[in-house]
Amino acid sequence: MKHSSKLILSLGLIFLFPLFNSLQAEQKNNQEYTAKILEYTTAKFFLTELVDHLPASDTVPTPQKILGNIIGAPNILHYTADINKYMRAVAEASPRVIAFSIGQSDEGKEMITAAVSDEKNIERIERIKEILRLLADPRKINDSEAEKLITEGVPIYWITGAMHSTETGSPEMLMELVYRLAVEETDFIKAIRKNVVVLVTPVLEIDGRDRYVDTYRYKKEHQDKKSLPLVYWGNYVAHDNNRDTIGLALKMSDNLSKHYFEWHPTIMHDLHESVPYLYTSTGTGPYNAWLDPITINEWHELAYVEISEMTKRGVPGVWTHGFFDGWAPSYAFYLAMFHNSLGRFYETFGGTGADTLVRTVGGQSQRAWYRPNPPLKAVKWSFRNNINLQQSALLFALKHVADNKSKFAKDFYLKSKRSVAKARAEGPAAWVIPADQKRPLAAADLVNLLRKHGAEIHKADKEFTLQKEKFVAGSYIIRLDQPYSRCVDMLLDTQYYNPDDPRPYDDTGWTLGALHNVNTVRATDQKVLEVPMTLLEKDVKVEGMVVNPKNAVAFLINHRAENALMKFRFELQEMKMQAAETSFKAGDKKFNPGTFIIPVKENPEDMLSRLKNATKDLGLTAYGVASVPKVKTHELAVPRIAILHTWVFTQNEGWFRLAFEKLGIPYSYISVHDIKDTEDLKNKYDVIIFPPVMLGKAQRLVNGISSDSPIPWKKSEKYPNLGGPDSRDDIRGGMEFKGILNLRRFIEEGGCFIPITNNVSLPIDYGMVESVAVVEPKNLKARGAVLQTRIIDTRSPISYGYDRTLGVYFAGAPVLETGMKAVFGVDIQELFDGEAKGRASGRGSLKDADVIQGRPLQPPKIKGAGTGIPPEYREMMKLYLPPDLNTIRVILRFSQKEKLLLSGLLAGGEELQNKAAVIDVPLGKGHILLFAINPMWRYETQGSFFLLFNAALNYNYLDAGRPKPAEKK
Ligand SMILES: [Zn+2]
């Protein structure tokens, strides 16, 4: 049976591709490998003539020779080490391939890239790199030089695989692709070799790939047991590793970024798997508004080459347009887009690991204008099919670039030129980051991030005036007459996402000035380009210092919500420090509430030298004073902080861990099981932060994962990649009721619990908080937007160091209601006022009193008259008034709808305006802080980190500044 079906399949192929088969020269095929390709492909229309065989080679090993199986064999996935081994073996054997390390993963494993081209190109590879480097900066060459360089050089096409660990096909396919490109002697492949350098980075998320292969092997070897969920992918985040290109916080992003700047690849192509059968990226729009339109045209050009070549060969389900939008720049392929190259991606049809199975397609099997030849409703799908489609389409793209090599190199040069021209054409001319702003460290951080993105940044040599504003000497000027002007403008500008546009695929706003709490100025006046300025040659480091150390009795460090202050507390943890509870003056300097006061007397003798070192290193300034300021203070803690995770979803907490580690702030990493099993949590921790869990319904947090047999998540000899960053013999269950009780006790005994975004439902649904409710808005759309909040409670320690407004990241939920409406679910007043709302039609204006004819005019006010709520109800309601009704403190509120949107998408803003963004709820001796906003998102929200840090440092004194009952209105 098997043989005959294979035969029919082969015959079918021969008939299907008579035209294309003539392309294959006399080179012999590896017959065994070829037979397996045909065997593992489930239908002839999932093959093309490019991949229906494997050419034989006497010198270069096939994947089968090194790894034992052909690529795409059922049930076989390879570890990164095997993939690297294969790439190196090919490089060893072929003069057309080199392989080299590009860095390490977050967990210390090696990332590699292989380069394939013809021998001549490989020999002159350094020159090819140099040519692209020169073309990348048109300020240094003229057009005729560029023309020569374009003729001399070749474009570089960089393919990356396995960003997402559950998407398993690409690294396998890339091994075969490298082999094929190295050995095949058809005119088709020769043209690619001659005119393109192909870079292949087979695995981006190294740590996650190896974890996934372990879970897949576990599944195959324990058919009787439940399969293991991939609890973690990388060390910090899962799917969001492809959202790090703004913050560049993961090692992977760092490696890729350096890789980009070394090679300046003309095209970067990232391989993903989700929808059937092959989606090639353009997008539904709105497209990113800062890109050169040439880039968008290139998207379409290559997409339609692939669609048309594949469709011609009878391959169904190759399409474009209807998948992602094209808006946000946080994806890895933006490393190319930011720098005038082209970034693109595929989504191909994966499966479960390397299984063969019948797969049914829903809506995407429908015809649409952008999918005239849709996927089939149901089909037997194999791992090899996925390999065939990815590889074929890529080869068509590579061939198109090879055939149009000058065009793509010219486009790259032209886009670079137009980026340089931006300052004087469409503008703005520059962005200015004033040096004299309140948070010089945050400004320096932002400058350094932009430098990491390749931006050139200058410092003004002297004071200047621009657009009626004065800027001090030393202000940062980012001229937009530089090659990477679009990247800078994209990251600093304001985004507007029309709510009527297609549903956004991801975040809609990312304005870094607002998110970093740094003042940035868009300079449209071209005079800014004439300001005398000096190029920064290295990263900015703000030098800290100690002022007036002589005879000082205390040192003051002003609180401006600079993240370094948190690190400072931990660097000098055995020192006694106080926080000022209000603002005060010392000499002629004004200090903010929260200012650190470090008394000399109570601290060790060597404190001054240590203070000098720490402030110098962290860029903080400590002022010595001859008398201790007369201001109410409390002790600043060195809090024991725990970051709490579930086993249901670990991703978003990874961004919190990452931020803590980057800033050098110690924390314990605990799971819901630790909450359940630790009765005396307060003995171990002072602050427990509970970062957002996707679909974080309270019940799921409490009940966790259910299964009738244990689910281990830990390393073993057989599965060395499982486990980590946290591990456990059995991850079933959640916090349970026991955990709720432990958590409640922790808070009542003085701990601070901080659930973020949807996790607020845990303390609300389980009765720890009563006067706050999560409400379902009807019209609100604010997906991943940057919104403005107002600091309402300026005396709460949580707002120390902040100004009156703060730009925050809001994911779109939750919306929090407070007070009576939260308690009763309805507006009681409104309920009883009923139809008496407003005034009846009658005499006078809207504000006048009506006059009823034929009876005495009622006096306007009667003593003792209250609301329309009947007295008997008012008495009864008292029984239901919760204890926290008058003790909750709203620290931040969303601004009025007119001012709410700073960047991104906002519709239905009236449902969010004035709603609480951060609430402090006292419980026993401790506090619950409810965050509707996410203060630690994707390493982009540095400006709101300190809301958490303030809470932690002052966890024991969060009641400071609380209005006394008498003061309450
Ligand atoms: Zn993906």
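Quantities reported herein were computed from a predicted structural model and do not represent experimental measurements.

Now for the pattern of salt bridges. What the rule picks out here adds up to 70 salt bridges. Among the salt bridges present, the one from Glu-107 reaches Arg-211, with a minimum N-O distance of 2.7 Å. With Glu-107 in the loop between strand 1 (97-104) and strand 2 (110-116) and Arg-211 in helix 11 (residues 206-221), this residue pair connects regions lying 104 residues apart in the sequence. Judged by relative accessible area, which is 33%, Glu-107 ranks as partly exposed. Across the pair Asp-507 and Arg-938 runs a salt bridge whose closest N-O atoms are separated by 3.1 Å. Taken together, the positions of Asp-507 in the loop between helix 18 (485-492) and helix 19 (512-515) and Arg-938 in the loop between strand 37 (926-931) and helix 31 (945-953) put the pair 431 residues apart, joining distant regions of the chain. The pair formed by Asp-507 and Arg-938 is uniform in burial state, with each residue classed as buried. Within this structure, Asp-240, Arg-243, Asp-506, Asp-507 and Arg-938 form a network of salt bridges that share partners.

To continue, consider the coordination of the zinc ion. Tetrahedral metal sites with four donors have an ideal angle of 109.5 degrees; octahedral sites with six donors have ideal angles of 90 or 180 degrees. Listed as protein donors to the zinc ion are His-164 (ND1), Glu-167 (OE), Glu-167 (OE) and His-272 (ND1); their distances from the metal cover 2.1 to 2.4 Å. Geometry at the zinc ion is irregular, judged from the four donor atoms that bind it and their angles of 56 to 150° at the metal. Read in sequence order, the donor residues for the zinc ion give the motif H-x2-E-x104-H. Taken together, the positions of His-164 in the loop between strand 3 (156-160) and helix 9 (169-183) and His-272 in strand 5 (residues 267-273) put the pair 108 residues apart, joining distant regions of the chain. For the pair formed by His-164 and His-272, the shared burial category is buried.

Let's shift gears to the packing of aromatic side chains. A complete count under the given rule lists 48 aromatic pairs for this structure. Considering the side-chain rings of Phe-464 and Phe-471, the 5.1 Å spacing of their centres and the 20° angle between planes classify their relative orientation as stacked. Taking relative accessible area as the criterion, Phe-464 reaches 7% and is therefore assigned buried. Judged by relative accessible area, which is 1%, Phe-471 ranks as buried. For the cation-ring pair, Arg-657 lies above Tyr-669, with the distance from its terminal atom to the ring centre recorded as 4.5 Å.

Let us now look at the side chain of Arg-889. Tracing the backbone through its elements, the reader meets Arg-889 in strand 34 (residues 889-894). Of note is the side chain of Arg-889, whose polar atom sits 3.2 Å from the backbone oxygen of Gly-961. Apart from the residues lying within four places of it in its own chain, the contact partners of Arg-889 are Asp-793, Arg-795, Ser-796, Val-918, Ile-919, Asp-920, Leu-958, Asp-959, Ala-960, Gly-961, Arg-962 and Pro-963.

Quick look at the sheet that holds strand 11 (residues 430-433) now. Taken together, the five strands give an open sheet; going across it, the order is 16-11-15-12-17, and neighbouring strands pair in antiparallel fashion. The strands lining the two open edges of the sheet, one partner per strand, are strand 16 (521-523) and strand 17 (533-535). Pairwise comparison of adjacent strand axes, ignoring direction, gives a mean angle of 30° for this sheet. As defined by bridge partners, strand 11 adjoins strand 15 (residues 476-479) across four bridges and the pair is classed as antiparallel. In the sheet register, Val-432 faces strand 15, and the bridge partner there is Ile-477. Along the sheet face, helix 17 (residues 440-452) touches strand 11 and strand 15 and points at about 25° away from the line of strand 15.

Attention now moves to helix 18. Counting buried positions along helix 18 gives eight out of eight residues, so the element sits mostly inside the fold. Inspection of helix 18 places Ser-485, Arg-486, Cys-487, Val-488, Asp-489, Met-490, Leu-491 and Leu-492 among the buried residues, and these make up the whole buried set. In this fold, the buried residues of helix 18 make contact with helix 14 (334-337), helix 16 (405-421), strand 11, helix 17, strand 15 and helix 19.

On to the pairing of strand 10 (residues 378-381). Side chains Val-379 and Trp-381 project from strand 10 onto a buried face, and the interleaved Ala-378 and Lys-380 project onto a face without burial. Bridging between strand 9 (residues 357-360) and strand 10 involves four bridges; their strand directions are antiparallel. Residue Arg-359 lies in a different strand from strand 10, and its bridge partner there is Val-379.

The residue after Gly-724, namely Pro-725, is reached through a cis peptide bond having omega -10°. Mapped onto the elements of the fold, Pro-725 is located in the loop between helix 24 (698-703) and helix 25 (736-748). Phi is positive for Glu-736, close to 60°, though the residue is something other than glycine. Along the polypeptide, Glu-736 turns up in helix 25. Note on Glu-736: relative accessible area 28%, which makes it partly exposed.

Turning to the packing of helix 22 (residues 651-663) against helix 31, a few remarks are in order. Working note: a packed helix pair is described by the angle between its axes plus the distance between those axes. Look at helix 22 against helix 31: their axes get within 12 Å of each other, and the N-to-C directions meet at 75°. Overall, the two elements helix 22 and helix 31 adopt an arrangement that is roughly perpendicular. Across the interface between the two elements, Phe-656, Ala-659, Phe-660 and Leu-663 of helix 22 pack against Phe-945, Leu-948 and Phe-949 of helix 31. Residue classes in the contact of helix 22 with helix 31 are distributed as seven nonpolar, no polar and no charged.

Across a sheet, paired strands are connected by hydrogen bonds in the backbone, their directions being either parallel or antiparallel. If you walk across this open sheet you meet the six strands as 18-24-19-23-20-25, and the pairing is mixed. Since the sheet does not close on itself, it has two edges, and those belong to strand 18 (545-547) and strand 25 (633-635), each with one partner. Neighbour to neighbour, the strand axes of the sheet diverge by 30° on average, direction disregarded. In the sheet, strand 20 (residues 578-580) pairs with strand 23 (residues 596-599) via two bridges, with the strands oriented antiparallel. Counted as the bridge partner of Ala-579 is Phe-596 from strand 23. With respect to the sheet, helix 20 (residues 564-571) is in contact with strand 19 (554-557) and strand 23, its orientation differing from that of strand 23 by roughly 25°. Sitting on the sheet, helix 21 (residues 607-618) is in contact with strand 18, strand 19, strand 23 and strand 24 (621-625), with an inclination near 125° to strand 18.

Here Pro-171 lies in helix 9. Taking C-alpha positions, Pro-171 is 63 Å from Gln-829, a pair spaced 658 residues apart along the chain. With residues near it in sequence (within four places) discarded, Pro-171 still touches Ile-83, Ala-162, Pro-202, Val-203 and Arg-209.

Pairing of strand 1 with strand 2 involves seven bridges; the strand directions are antiparallel. For Phe-100, the partnering residue across the bridge sits in strand 2 and is Thr-113.

With that settled, the discussion passes to the confidence of the model for the protein chain. Taken as a whole, the protein chain shows an average pLDDT of 95; of its residues, 96% reach a score of 70 or greater. Within the protein chain, strand 4 (residues 197-201) carries the highest mean pLDDT (99), whereas helix 1 (residues 2-16) carries the lowest (47). Within the model, the stretch residues 1-8 combines pLDDT values under 50 with four contacts to residues more than four positions away or in other chains. The low-confidence segment residues 21-25, where pLDDT is below 50, has twelve contacts with residues more than four positions distant or belonging to other chains.

About the criteria used
Residues numbered from 1 in each chain as written. Predicted model: local features only at pLDDT ≥ 70, side-chain atom pairs only at ≥ 80, totals over all residues. Heavy atoms only, no water. Salt bridge = Lys/Arg side-chain N within 4 Å of Asp/Glu carboxyl O. Helix = DSSP H or I, 4+ residues; strand = E, 2+ residues; numbered from the N terminus. Buried < 20%, exposed > 50% of the residue type's maximum accessible area, 1.4 Å probe, protein only. Donors = N, O, S within 2.8 Å, 3.2 Å for Na, K, Ca; no water. Tetrahedral: all angles 85-135°; square planar, octahedral: opposite > 155°, others 65-115°. Phe/Tyr/Trp six-rings, centres within 6.5 Å; stacked < 30°, edge-to-face > 60°. Lys NZ or Arg CZ within 6 Å of the ring centre and 35° of its normal. Polar contact = N/O pair within 3.5 Å; in protein donor to acceptor, adjacent residues only side chain to side chain. Contact = heavy atoms within 4.5 Å. Pairing = 2+ DSSP bridges. Axes fitted to C-alpha atoms, helices over the stretch in contact; angles between N-to-C directions. Parallel < 35°, antiparallel > 145°, perpendicular 65-115°, else oblique. Nonpolar A, V, L, I, M, F, W, Y, C, P; charged D, E, K, R; others polar. pLDDT = per-residue confidence, 0-100.

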